[in-house]
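# Architecture and fold: a report
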Amino acid sequence: MAVLPRGSVISARPALIRSLALVCVILSVLCALCLGRYPLSLLRVVGVFGSLLHLSSASDPVAQVVVMQARLPRILAALLVGSALSCGGATYQAVFRNPLVSPDLLGVLSGAAFGAALSIVSGGSAVVVQMGAFGGGLLAVGTGLLISRTLPGGGILTLLLGGLIGNAIFSALLSLVKYLADPMDQLPAIVNWLLGSLAPSNWQELAWMSGPLIVLTVALVLCAPVLDVLSLGDDEARSLGVSVRVMRPALIVLATLVCAMTISMAGIIGWIGLLVPHVARLLAGAEHRNMMPVTALLGAAGLVLADTCARSLTTGEVPLGIVTQLFGALAFVLVLRRLRSGVA
């Protein structure tokens, strides 16, 4: 009987984990298509796609409207946002060499919230609010990076301090906008946006947002070898031929663009960028070339399931940000217990 070399077994494990993560994505999408306040059987869902592909002559107008207009755009948006946020969080954790870093470290969340709130107070449309959130997130991170350049020293600690100062500035600006907003109309709209939701997702939004978001997310996954080198330390990265002064800001900008786009699509979605990389690291190992694809798949599946719970748990829709914070915090406790037991 032939015996496989030991190295082939080790190299087969990441492929198996990726396959299982892909199965999780497929199962989560099927559950999201079937579950909701108007439940559909799997046969009816399959029949909708069969009629669209002209594989079946039977038609189900009600199921077709529910699937194609109400659920499928939200599912696709959840797949994009979940994978992008997870990869952005994993990139931040690798660049700053800190597993507790999340996408809001440099102020992208507070900046995007300020930009969206300012657009709402100014009476902007939904597209203007999205552009305001995107621009506010970039402005906040740019402010943090600019502040870090003025501080003495250098390296990761200086970036962290600059990010904390920028985050505090834009959090104060957000509070000021909320204080000046109309409490009868504008303030509820701001609070509702801050809670996060995929309910406004539609085919028009996906048409112009999906392309750039997919390209940026794939770029983060392809940067996995560089993340492996940067996670070793600055001196080790330089000895391996990686320019830390160039690659670290470039990856920060790339991850910030990804996170700002997700916030403009769905509002503030917490814990995905912090929790999912830990789960992927437990399953696929610490090497980013193995864990980044798993991170993207698990983030996509996790946010699809969270959005399904948000629109199915009650007769009304629970804000998605509340669901991710609640279940994310509970899941993070389990992850930390597993990590501590592994260290012990």
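An unreviewed UniProt entry lists the protein under the name Iron ABC transporter permease, from Gluconobacter sphaericus NBRC 12467. Under the Sequence similarities (unreviewed entry) heading, UniProt states for the protein: "Belongs to the binding-protein-dependent transport system permease family. FecCD subfamily." For the record of the protein, the UniProt heading Subcellular location (unreviewed entry) holds the text "Cell membrane".

### Details of the overall build of the protein
A count of helices and strands for the protein gives 14 helices and 0 strands. The order of helices and strands in the protein, counted from the N terminus, is α-α-α-α-α-α-α-α-α-α-α-α-α-α. On C-alpha atoms alone, the protein measures out to a radius of gyration of 21 Å, which is about the 20 Å that the 2.2 N^0.38 rule sets for 344 residues. Projected onto its principal axes, the C-alpha positions of the protein cover 75 × 65 × 35 Å. Looking at the protein residue by residue over its 344 residues, the buried ones come to 47%. Restricting the contact set of the protein to residue pairs at least 6 apart, pairs at least 24 apart contribute 75%. Just so you have it, the protein exposes about 16,700 Å², and 71% of that area is on carbon and sulfur atoms. When the 19 basic and 12 acidic side-chain charges of the protein are each reduced to a single mean position, those positions are 9 Å apart.

### Considerations on the UniProt feature "transmembrane region" (unreviewed entry) in the protein
In the numbering adopted here, UniProt assigns the feature "transmembrane region" (unreviewed entry) to residues 15-35, 71-92, 127-147, 159-181, 206-230, 251-276 and 318-336. Between the C-alpha atoms that bound residues 71-92 the distance is 31 Å, and the span itself is 100% helix and 0% strand. Each end of residues 127-147 is marked by a C-alpha atom, and these two atoms are 30 Å apart; helix forms 100% of the span and strand 0%.

### As for the pattern of salt bridges
If you walk through the whole model with that rule in mind, you get 7 salt bridges. The shortest N-O distance in the salt bridge between Asp60 and Arg44 comes to 2.8 Å. Taken as a pair, Asp60 in the loop between α2 (42-52) and α3 (61-95) and Arg44 in helix α2 lie far apart in primary sequence, 16 residues in all. Owing to a relative accessible area of 26%, Asp60 belongs among the partly exposed residues under this scheme.

### Some thoughts on the packing of aromatic side chains
If you walk through the whole model with that rule in mind, you get 3 aromatic pairs. On the basis of an interplanar angle of 20° and a centroid distance of 6.2 Å, the ring pair of Tyr92 and Phe96 is categorised as stacked. For the pair Tyr92 and Phe96, one class covers both residues: buried.

### As for the environment of Leu138
With respect to the helices and strands, Leu138 occurs in helix α5 (residues 126-150). On the basis of relative accessible area, Leu138 is assigned to the partly exposed category, the value being 30%. C-alpha separation for the pair Leu138 and Ala296, spaced 158 residues apart in sequence, amounts to 22 Å. If we skip the residues at most four places from it in the chain, Leu138 touches Thr256, Leu257 and Ala260.

### Overview of the nonpolar core
Counting residues in hydrophobic clusters, the biggest one holds 98 residues, and the most contacted among them are Tyr92, Phe96, Trp193, Ile252 and Leu303. When residues of this core are assigned to their parent elements, the largest contribution, 18 residues, is made by α3. Non-local contacts of Ile252, meaning those with residues more than four positions away in its chain, are made with Tyr92, Val95, Phe96, Leu106, Val141 and Leu159.

### Considerations on the side chain of Gln93
Relative to the assigned elements, Gln93 resides in helix α3. Within the local environment of Gln93, its side chain forms a polar contact with the backbone oxygen of Pro99, the two atoms lying 3.4 Å apart. Sequence-distant contacts of Gln93, that is, excluding residues within four places in its chain, are made with Asn98, Pro99, Val101, Gly273, Leu274, Pro277, His278 and Arg281.

### Focus: unusual backbone geometry
At Arg97, a position not held by glycine, the phi torsion is positive, near 50°. Following the sequence through the fold, Arg97 ends up in the loop between α3 and α4 (108-121). Here the phi dihedral of Trp271 falls at roughly 75°; this positive angle occurs in a residue that is not glycine. Among the secondary structure elements, Trp271 is positioned in the loop between α11 (244-266) and α12 (272-284).

### Looking at the confidence of the model for the protein
Per-residue confidence for the protein averages 89 on the pLDDT scale, and 94% of its residues sit at or above 70. Averaged over each element, pLDDT in the protein is lowest for helix α14 (residues 320-343) (81) and highest for helix α13 (residues 288-312) (95). In the model, residues 1-10 has pLDDT below 50 throughout and makes 0 contacts with residues more than four positions away in sequence or in other chains.

### Some words on α2
What α2 keeps buried is the set Val45, Val48, Gly50 and Ser51. Count one or two residues on from α2 and you reach His54, which has phi positive near 60°.

### Quick look at the packing of α2 against α3
One way to put it is that α2 packs onto α3 with a least axis distance of 9 Å and a crossing angle of 90°. Taken together, the axis directions place α2 and α3 in an arrangement best described as roughly perpendicular. Seen from α2, the contacting residues are Arg44, Val45, Val48, Phe49, Ser51 and Leu52; seen from α3, they are Val62, Ala63, Gln64, Val67, Met68 and Leu72. When grouped by side-chain class, the residues that make up the contact of α2 with α3 number 9 nonpolar, 2 polar and 1 charged.

Calculation criteria
Residues numbered from 1 in each chain as written. Predicted model: local features only at pLDDT ≥ 70, side-chain atom pairs only at ≥ 80, totals over all residues. Heavy atoms only, no water. UniProt positions renumbered as here; feature names shortened; annotations may be inferred. Helix = DSSP H or I, 4+ residues; strand = E, 2+ residues; numbered from the N terminus. Rg over C-alpha atoms; globule rule 2.2 N^0.38 Å. Buried < 20%, exposed > 50% of the residue type's maximum accessible area, 1.4 Å probe, protein only. Contact = heavy atoms within 4.5 Å. Areas by Shrake-Rupley, 256 points an atom, 1.4 Å probe, with all protein chains shown as cover. Lys, Arg positive; Asp, Glu negative; His and termini not counted. Charge placed at Lys NZ, Arg CZ, Asp CG, Glu CD. Salt bridge = Lys/Arg side-chain N within 4 Å of Asp/Glu carboxyl O. Phe/Tyr/Trp six-rings, centres within 6.5 Å; stacked < 30°, edge-to-face > 60°. Core = buried A, V, L, I, M, F, W, Y, C linked by side-chain atoms within 4.5 Å. Polar contact = N/O pair within 3.5 Å; in protein donor to acceptor, adjacent residues only side chain to side chain. pLDDT = per-residue confidence, 0-100. Axes fitted to C-alpha atoms, helices over the stretch in contact; angles between N-to-C directions. Parallel < 35°, antiparallel > 145°, perpendicular 65-115°, else oblique. Nonpolar A, V, L, I, M, F, W, Y, C, P; charged D, E, K, R; others polar.

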